[in-house]
Amino acid sequence: MREIMQMVTEISGRRNKSCYYVLCRAVYAARARQPGDMQMKTVCACVKSDTGMSAPAVAKALSRAADDIWDNGNHSKLEEIYGRPILERPSPKELVNVLAQHVWKE
């Protein structure tokens, strides 16, 4: 989990937002199911069981994290993780799965 928190800190916009904890939990859940993409329904269910949040609250927090990273985050680090230029805001599902794959490969 430490490497996930470090990676999220490097790309985050305003790290003190609570949505980043949810993003870390989602990446942790998705990493355990690599290789391959994980459905957001499954991600939300895993984070819900870890945090006690409702599934809609988890989905909203992941959306806020993706927005904050896009608006305020480190785009060069994000592009390094993606391995390509990013021209538009990633969806929460894409963000979670790409971060999980990156951590899994490391």
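Use the structure listed above.
The structure contained in this document is the topic of the report that follows.

Cut-offs and rules
Residues numbered from 1 in each chain as written. Predicted model: local features only at pLDDT ≥ 70, side-chain atom pairs only at ≥ 80, totals over all residues. Heavy atoms only, no water. Salt bridge = Lys/Arg side-chain N within 4 Å of Asp/Glu carboxyl O. Helix = DSSP H or I, 4+ residues; strand = E, 2+ residues; numbered from the N terminus. Buried < 20%, exposed > 50% of the residue type's maximum accessible area, 1.4 Å probe, protein only. Core = buried A, V, L, I, M, F, W, Y, C linked by side-chain atoms within 4.5 Å. Contact = heavy atoms within 4.5 Å.

**What to know about the pattern of salt bridges**
Summed over the entire model, instances satisfying the criterion amount to six salt bridges. For glutamate 10, the salt bridge identified is with lysine 77, shortest N-O distance 3.3 Å. One end of the pair, glutamate 10, is in helix 1 (residues 2-11); the other, lysine 77, is in helix 5 (residues 75-82), with 67 residues separating them in the sequence. With relative accessibility at 33%, the residue glutamate 10 sits in the partly exposed group. Arginine 84 is the partner of glutamate 94 in a salt bridge, and the nearest nitrogen-oxygen pair spans 3.1 Å. Residue glutamate 94 is located in helix 6 (residues 92-105), and its partner arginine 84 is located in the loop between helix 5 and helix 6; the two are separated by ten residues in the primary sequence. Several salt bridges share partner residues, and in doing so they unite Glu10, Lys77 and Glu80 into one network.

**Topic: the nonpolar core**
Counting residues in hydrophobic clusters, the biggest one holds 35 residues, and the most contacted among them are Leu23, Val43, Leu62, Leu95 and Leu99. Every element with two or more residues in this core is listed here: helix 1, helix 2 (19-31), helix 3 (40-51), helix 4 (55-72), helix 5 and helix 6. Looking at this core element by element, the count peaks at nine residues for helix 2. Setting aside chain neighbours within four positions, we find leucine 95 in contact with Leu23, Ala66, Ile69, Leu78, Tyr82 and Pro90.

**Focus: the environment of tyrosine 21**
With respect to the helices and strands, the residue tyrosine 21 is situated in helix 2. Residues tyrosine 21 and lysine 93, 72 residues apart in the sequence, show an inter-C-alpha distance of 16 Å. Apart from the residues within four sequence positions on either side, tyrosine 21 is in contact with Arg15 and Thr51.

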